[in-house]
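Summary of structural features
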Amino acid sequence: MKNVTLLLEDGTAFHGKSFGYEKPVAGEVVFNTAMMGYPESLTDPSYAGQMMVLTYPLVGNYGVPAFSIESNGIATFMESEKIHAEAIIVSDYSTEYSHWNAKESLADWLKREHIPGITGIDTRQLTKVLREHGVMMGKILFDDEPNNIPTAQYEGVNYIAKVSCKEVIHYQSNQNNLKKVVLVDCGVKNNIIRCLLKRCVEVIRVPWDYDFNTLDFDGLFLANGPGDPDTAVDTVKNIKKFLDAEKAKAEKGGKVRPCMGICMGNQLLSKAAGAKIYKLKYGHRSHNQPVQQVGTQRCFITSQNHGYAVDSKTLPSDWEPLFVNMNDGSNEGICHKKFPWFSAQFHPEAASGPVDTEYLFDDFVKLL
Amino acid sequence: MIDSNIKKVLLLGSGALKIGEAGEFDYSGSQALKALKEEGIETVLINPNIATVQTSEGVADKIYFLPVTPFFVEKVIQKEKPQGILLAFGGQTALNCGVELYQQKILEKYNVKVLGTPVQAIIDTEDRELFVKKLDEIDVKTIKSHACETIEEARKAAADLGYPVIIRAAYALGGLGSGFCDNEEELNKLAEKAFSFSPQVLVEKSLKGWKEIEYEVVRDRFDNCITVCNMENFDPLGIHTGESIVIAPSQTLTNSEYHKLRALAIKIIRHIGIVGECNVQYAFDPNSEDYRVIEVNARLSRSSALASKATGYPLAFVAAKLGLGYGLFDLKNSVTKTTSAFFEPALDYVVCKIPRWDLGKFRGVDRELGSSMKSVGEVMAIGRTFEEAIQKGLRMIGQGLHGFVGNKELKIDDVEAALKAPTDKRVLVVEKALHSGYTVDQIHDLTKIDKWFLQKLQNILNTYVELQEKGAIQHVDVELMRRAKVQGFTDFQISRAVGLEALIDPEIATKLVRELRKQMGIVPVVKQIDTLAAEYPAQTNYLYLTYSGVAHDIAYENDRNSIIVLGSGAYRIGSSVEFDWCGVQALNTIRKNGYRSVMINYNPETVSTDYDMCDRLYFDELTFERVMDIIELENPHGVIVSTGGQIPNNLAMRLDSERVPILGTSAKSIDNAEDRDKFSAMCDRIGVDQPAWAALTSMDDINQFIEKVGFPVLVRPSYVLSGAAMNVCSNQDELERFLQLAANISKKHPVVVSKFHEHNKEIEMDAVAKDGEIIAYAISEHIEFAGVHSGDATIQFPPQKIYVETVRQIKKVSKKIAKELNISGPFNIQFLAEQNHLRVIECNLRASRSFPFVSKVLKLNLIELATKIMLGLPFERPEKNLFDLDYVGIKASQFSFNRLQKADPVLGVDMASTGEVGCIGDDTASALLCAMLSVGHRIPKKGILLSTGPGKQKADMLRAAQQLIEHGYQLYATGGTSRYLAENGIENTLVHWPSEEGQQPQALDLLHSHDIDMVVNVPKNLSVGELTNGYKIRRAAIDLNIPLITNSRLASAFIDAFCTKSLDDIEIKAWSEF
């Protein structure tokens, strides 16, 4: 294994060994405290542009399942069609793996997908540095090569455009499809599609900047996605159009179509409603984020992966916070006071992470 | 938010430590009491385990040292009138007692509310049938048996369940006619055989080789649920989780598997209606996502204590708050203090629990591990690699291991057979197999241990071999050295691997490696356990050391204000909760006096490893290497080695040689007391008698010595703990056989042979001295004569039946010894008294097992006093005198023979008890009754079987036998005893030994028919022949749950107590009321 150095923007260096694809790389360095689920996380499009640090030290234990594709075009086990993270940074990579469902090792997979992986890093110390300083840009450099790659840019880059589908894709559920849901793909995770299909709806997946208002559908679903929500100007515009049209319909006594958002979807819905977004110091990336439904005694453990948050104070008067983070009080979801529009900053579809809030999909489908 | 009617709460403790129910309940009970106290609720505790922290002053408002049985609990309820009761914090003992109280409507009668999980939910989880039904309601799979009357039915059941299946003949003992079937053909064959044993055959799905996974789940009354921790067993299903190495978090589960089981656990806890904490155990298919629920424990458990320590999440504390009606969202994470208690800890380390067995102490015990628990303690090791954690853990269990590799070679004839039939040597067998060339796949096939674990173990071995190949320490480069340390190698292991340890003194070799390593810049770093994997800043003082890291989490003050207390390590026979109590008292005293209290310990079942108990907790090894690492970082004012039993005591000399400031008695004095030669020379010098002894290295010398003193003799190596490998030999044959064993145990120290004095009284002196002057002392007396290990003996304090002259001499001799060794701190001397002639058996310059007992009976905290003295602080000279006490304390021992299949439940010089209780009474009878009932004895109702051993003991028992007759008991006696009783005019029925075949009545039959409900069986001597004779009767008594006493003096005292005192006459008094 080659010696590598992780060099952070502030000059801090960590030394380790390469176990993945051998190429220098740059990106935003973020940490995730989940203790399992590396195949899901690596293929989560929300990690585009980021180098993922895992605080749980032992990684690779159960290998990687086959990258098989189901008849509906969705990968059986993965969250998208490829690894989206720029690199994975761990403390103790397990060269040998053991699992009935594994087809290859994490190292082999990374090499196949040309993604660097480094091990032997004190990821706890690295996390503390990121926590104190906030997320930083970083580079993985090979010690036998000069530092000749450019520094990465994260903020302001439209990662959504990079990972979104390029054309409309239709997914049929196995049952008779009664309702149609438009899914705006800002970098959607497969499990959102699976969760919808499981509930017998037809999914129309559209590119991030596609004007879905022209389509015939029963409900709108705003997916997760990477990067800076301010870059998704077109999406926000389309959502706003939808909200305004529905409001107008309501005034005429018509039925308002429901809308649900997840993660980036929460932020874009908030923006469309008129709220402001800010960047968190180091984001929420874990499987153990506690949220409370506002005004109730109901609490949930959630899976999260986001670096930006909605500023609840800037929500217009017809909207209110739906969930709040019990650790830092940040916004975890919003809902409209009158209409069936709501969103969650966390991931009810999990994969990876706890499945306690999957009921939100039921709520959404019931509203269709 | 919470029920304001609840002003006083009764908490049931778990009683004496026993196999399967140990110190973890002191921890959970203490946490619960703390949680209640915080709410201003008055607390009442019933727990006869006097050595626990929870039964110390200030933890509960009122403490009753009484048996945790419905009879006594009702009396306390009557007296105290609590509004609430907590049943989930005292293990199975408290839970069972609570269920009985509920079913007998006692709780209803006194209007006592059960806080937390409702009793019906407990019953639903405890009753197998109800449990299966309950989980069926929500389509959760359990392990089910199908009862079949015909082969066709069996075939159908097997097809429904899916092969492989296990079939057993119903009502057949010892597994007759049972076995595994992989297909229908095998089933046909086996079922036919099974039906020949029994008309009914049970078919179950075989889960052989399935993984065993546990989740700790918490729920509040608002239905909010979290899983605090999951754990994976290293050993597959079939080995009790208490017998298995356990890893947290799980290592071989994917995200989907982890969350599938997690979601199920939450579904189950909601359906059952737990309020508080519970544990869900799964069997999990290693080849699919299929699962079965094994069981649900609706209470705090050993696993929950482990989970608390593994994650830093205070489960018991939170469960108690939830019981009061709080929601999880009301509570804060007690580590970060800012984030919510409604969260699931994220670990950034791996935890490895390893059981500690003491099977070597039991004659005849079955060593094979299975579905029942035999281990007496456990350790928890924390690392950032699996290799580091398991190597630490193997050292921690304190059985002479240096880690996974570098140990003395294990002799196994058939490795394959040993792999298939796991014993307490399980891990060592795996090492042996890897070493002798078995592949990971082969070992997996034979053991079903997941290949991931085996591969990690292979990594350790590979590094060891690589070090070996270097051949010399100077050839080891930085990279290899670092890898070895990251994989948890000690400097000693490295020195042994490269061959250095064989060349020079091992201690010097180790030191050389240490110096070289430090020159390479390879040193451990200190990391915090913060529950959130560094996501949030935490001021936590819960620490461990690792080589997988580049920076410390904490900054050291270097103010020389730290006092390090060395803990007592794994609970084992001879060292358990009493040393935890001592450690905690020392910590409290240190803290109160303005020093920084620092604890090093690694036992998850303790209160001393609760991070709230000290200013800094290092959950790490007590090896010389690790203790030095910590001392170098802490730069302490001093180190206390005298409150943690033998482990810290044994480190004293080496620490001293590194110029570590040891507080209290000097290391040199400790050595002078530990080293028999030095101690004996001192005794001779100051005119103190000892039993004749000699340290000998050859058989000829031993024979010569015995010619002089005569049999019986006591044989043991020096530096022993609780008589490990110690034995009484009555004749030449026994002597020679035993010595072969003993010689294997210690190379460094010679074998010690001493004259064994029979029929002597044994007396203990527990005391605290300052600069050689005794400041406080407690003299206590064994009820049994010498020959029963002091840890097994029943002890009365103050002494009730020793001569004033004896007491005077004890004080005189103790004074001389204290002065000569210039003791400052706690110490203990054990005496033999032959009439008024005293002999010193041993002297320990540390706290002894009986310190909490005598401290609490005397109501004088001897450890607090000792700690003040060691710290050089002013102290008050106690004015209390033990002869002024108006009451008496009795300490009785708890045995766990029922868990130790085939072990002979006889007592000897080697300690066998796993725990103890201490009860206080206005008179000896009351105290003894409470104590004996607390350790599982019952007052007989019908018949008593007497086999009272040799002549003197027979005579001892005569009065007791007479009393029994007067109280209307039926006496049964074996040959000699029957004759003796008849000769003395005591009516009895002659019964026959199992060896007297064909003669009626047979003792065993009467035991089986329960006509006998108490057995007194005193072996004549400890010779093999004599022991075998009574073995079957003793074992049957244990297996049939009939109280057994094997000592005539204890039997007499107990019989006298229940014949002169009825339970209703015992006054129910709290500790503070004496």
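It should be emphasised that the depicted structure is a prediction, and the values quoted were computed from it without experimental measurement.

1. Focus: the overall build of chain A
Looking only at helices and strands, chain A has eight helices and 21 strands in total. At 20 Å, chain A has a C-alpha radius of gyration in line with the 21 Å of a compact globule built from 368 residues. For chain A, the spread of C-alpha atoms along the three principal axes comes to 70 × 45 × 40 Å. Here chain A holds 368 residues, and 58% of them are scored as buried.

2. Here's the deal with unusual backbone geometry
Residues and elements named next belong to chain B. Cis peptide bonds are those with omega within 30 degrees of zero, and the linkage from A248 to P249 qualifies with -10°. Looking at the secondary structure, you find P249 in the loop between β12 (246-248) and α9 (255-272). Note the cis peptide between F711 and P712, where omega equals -10°. Positioned with a positive phi, K81 is a non-glycine residue whose angle comes to about 50°. Summarising the element assignment, K81 is placed in the loop between α2 (70-80) and β4 (84-86). Residue classification places K81 among the partly exposed positions, given that 14 C-beta atoms sit within 10 Å. In this model, N635 sits at a positive phi of 45°, which is unusual for a non-glycine residue.

3. A few points about the sheet that holds strand β28 (residues 773-785) of chain B
All names here are of chain B. Read from one edge to the other, the open sheet built from seven strands follows the order β31-β30-β27-β28-β29-β32-β33, with strand pairing classed as antiparallel. Strand pairing shows two members of the sheet lacking a second neighbour, β31 (837-844) and β33 (915-921), which therefore form its edges. Averaged over all pairs of adjacent strands, the angle between strand axes in this sheet comes to 25°, irrespective of strand direction. Bridge analysis of strand β27 (residues 761-770) against β28 gives nine bridges, and the strand direction is antiparallel. Paired with M765 across the bridge in β28 is I779.

4. Points about the pairing of strand β19 (residues 562-566) of chain B
A regular strand carries its side chains on alternate faces of the sheet. All names here are of chain B. Among the five residues that make up β19, five are buried, leaving the element largely enclosed by the rest of the structure. Every second residue of β19 is oriented toward a common face, with S562, I564 and L566 on one face and I563 and V565 on the other, all of them buried. Here five bridges tie β19 to strand β20 (residues 596-601), and the two strands are oriented parallel to one another. Each bridged residue has a counterpart across the sheet, and for I564 the counterpart in β20 is V598. Taking the sense of rotation as the criterion, the β-α-β connection linking β19, helix α21 (residues 577-592) and β20 turns out right-handed. Here β19 pairs with strand β22 (residues 638-640) via three bridges, running parallel. Its bridge partner being in β22, I563 is matched across the sheet by G638.

5. Remarks on the interface of chain A and chain B
Contact residues are listed per partner, giving 39 residues for chain A and 46 residues for chain B. Mapped by element, the contributors of at least two residues to the side of chain A that touches chain B are α3 (123-133), β17 (276-293) and β18 (299-311) of chain A. The biggest single contributor to the side of chain A that touches chain B is α3(A), with five residues. Residues of the side of chain A that touches chain B, tallied by class, amount to 15 nonpolar, 16 polar and eight charged.

6. Some remarks on the sheet that holds strand β10 (residues 117-119) of chain A
Residue and element names in this part refer to chain A. Taken in spatial order, the seven strands close into a barrel running β1-β2-β10-β7-β4-β3-β11, and their pairing is mixed. Averaged over all pairs of adjacent strands, the angle between strand axes in this sheet comes to 35°, irrespective of strand direction. Of the pairings in the sheet, the one linking strand β3 (residues 25-32) to strand β4 (residues 50-54) comprises five bridges and is parallel in character. Following the sheet pairing, V30 is matched in β4 by M52. Each of β1 (3-8), β2 (13-18), β3, β4, β7 (87-89) and β11 (136-142) is contacted by α3, which is oriented at about 125° to β4, the strand it contacts most.

7. Re the packing of helix α3 (residues 91-103) of chain B against helix α5 (residues 119-126) of chain B
Pairs of packed helices are described in terms of their axes, by the angle between the two and the distance that separates them. All names here are of chain B. Relative orientation of the contacting elements α3 and α5 amounts to 120°, with a least axis distance of 10 Å. In terms of their interaxial angle, α3 and α5 are classed as oblique. Here α3 runs over α5; the crossing is left-handed. On the side of α3, the interface is formed by L95, G98, V99 and Y102, while α5 contributes V119, I122 and I123. Here the contact of α3 with α5 is built from residues that sort into six nonpolar, one polar and no charged.

8. Here's the deal with helix α8 (residues 184-197) of chain B
Residues and elements named next belong to chain B. Compared with an ideal rise of 1.5 Å per residue, which puts 14 residues at 20 Å, α8 spans 20 Å between its outermost C-alpha atoms and is within 8% of the ideal. Buried within α8 are the following residues: L187, L190, A191 and A194. For α8, the arc enclosing every buried residue in end-on projection is 110°, short of the 170-degree limit, so these residues lie on one face. For α8, the exposed residues set more than 90 degrees away from the buried face come down to E185, K189 and S196. Tucked inside the fold, the buried residues of α8 contact α7 (151-161), β7 (165-169), β8 (179-181) and β9 (201-205).

9. Brief notes about the pairing of strand β10 (residues 211-219) of chain B
Residues and elements named next belong to chain B. Counting buried positions along β10 gives nine out of nine residues, so the element sits mostly inside the fold. As judged from the nine bridges shared by β10 and strand β13 (residues 276-284), these two strands associate in the antiparallel manner. In the strand pairing of β13, R219 is matched with G276. Bridge count for β10 against strand β11 (residues 225-233) is seven bridges, and the pairing is antiparallel. When the sheet's bridge partners are listed, E214 is paired in β11 with M231. Linkage of β10 to β11, two consecutive antiparallel strands, is achieved through a turn of five residues, within which D223 is found at a positive phi near 75°.

10. What to know about the environment of B:L622
Residues and elements named next belong to chain B. Within the secondary structure, L622 sits in the loop between β21 (616-619) and α22 (624-634). Expressed as a C-alpha distance, the spacing of L622 and Y602, which sit 20 residues apart in the sequence, is 8.0 Å. Sequence-distant contacts of L622, defined by excluding residues within four places in its chain, comprise L566, G567, G569, I600, V627, I647 and P648.

11. Here's the deal with the packing of α21(B) against helix α30 (residues 862-870) of chain B
Residue and element names in this part refer to chain B. Following both chains from N to C, one finds α21 and α30 inclined at 50°, their axes separated by 9 Å at the closest point. Viewed along their axes, α21 and α30 adopt a mutual orientation that is oblique. For the element pair α21 and α30, the recorded crossing hand is right-handed. For the pair formed by α21 and α30, the contact residues are C582, Q585, A586, T589 and I590 on the first element and I863, E864, T867 and K868 on the second. The residue makeup of the contact of α21 with α30, split by class, is four nonpolar, three polar and two charged.

12. Overview of the environment of B:P826
Residue and element names in this part refer to chain B. Structurally, P826 is set in strand β30 (residues 825-834). For the pair P826 and I986, spaced 160 residues apart in sequence, the C-alpha separation works out to 49 Å. Contacts of P826, omitting those with residues within four sequence positions, involve S642, V768, R846, A847, F851, L862, I863 and A866.

13. A closer look at the environment of B:L838
All names here are of chain B. You can see L838 is positioned in strand β31. Residue classification places L838 among the buried positions, given that 21 C-beta atoms sit within 10 Å. Residues L838 and I763, spaced 75 residues apart in sequence, show a C-alpha to C-alpha distance of 9.6 Å. Look past the residues within four positions of L838 in its chain and what remains in contact with it is D689, Q809, I810, V813, F831 and A833.

14. Observations regarding the confidence of the model for chain B
Residue and element names in this part refer to chain B. For chain B, mean pLDDT is 92; residues scoring 70 or higher make up 97% of the total. Below pLDDT 50 for its whole length, residues 719-724 participates in 17 contacts with residues either more than four positions away or in separate chains. Two summary scores accompany this predicted model of the complex, namely pTM at 0.95 and ipTM at 0.97.

Reading the values: rules and limits
- Residues numbered from 1 in each chain as written.
- Chains lettered and ligands numbered in written order.
- Predicted model: local features only at pLDDT ≥ 70, side-chain atom pairs only at ≥ 80, totals over all residues.
- Helix = DSSP H or I, 4+ residues; strand = E, 2+ residues; numbered from the N terminus.
- Rg over C-alpha atoms; globule rule 2.2 N^0.38 Å.
- Buried ≥ 20, exposed ≤ 12 C-beta atoms within 10 Å, placed from the backbone.
- Pairing = 2+ DSSP bridges.
- Axes fitted to C-alpha atoms, helices over the stretch in contact; angles between N-to-C directions.
- Right-handed = clockwise from strand over helix to strand, strands pointing away.
- Contact = placed C-beta atoms within 7 Å.
- Nonpolar A, V, L, I, M, F, W, Y, C, P; charged D, E, K, R; others polar.
- Parallel < 35°, antiparallel > 145°, perpendicular 65-115°, else oblique.
- Left-handed = near helix turned anticlockwise from the far one by under 90°.
- Expected span 1.5 Å × (residues − 1).
- Arc of directions from axis to C-beta.
- pLDDT = per-residue confidence, 0-100.

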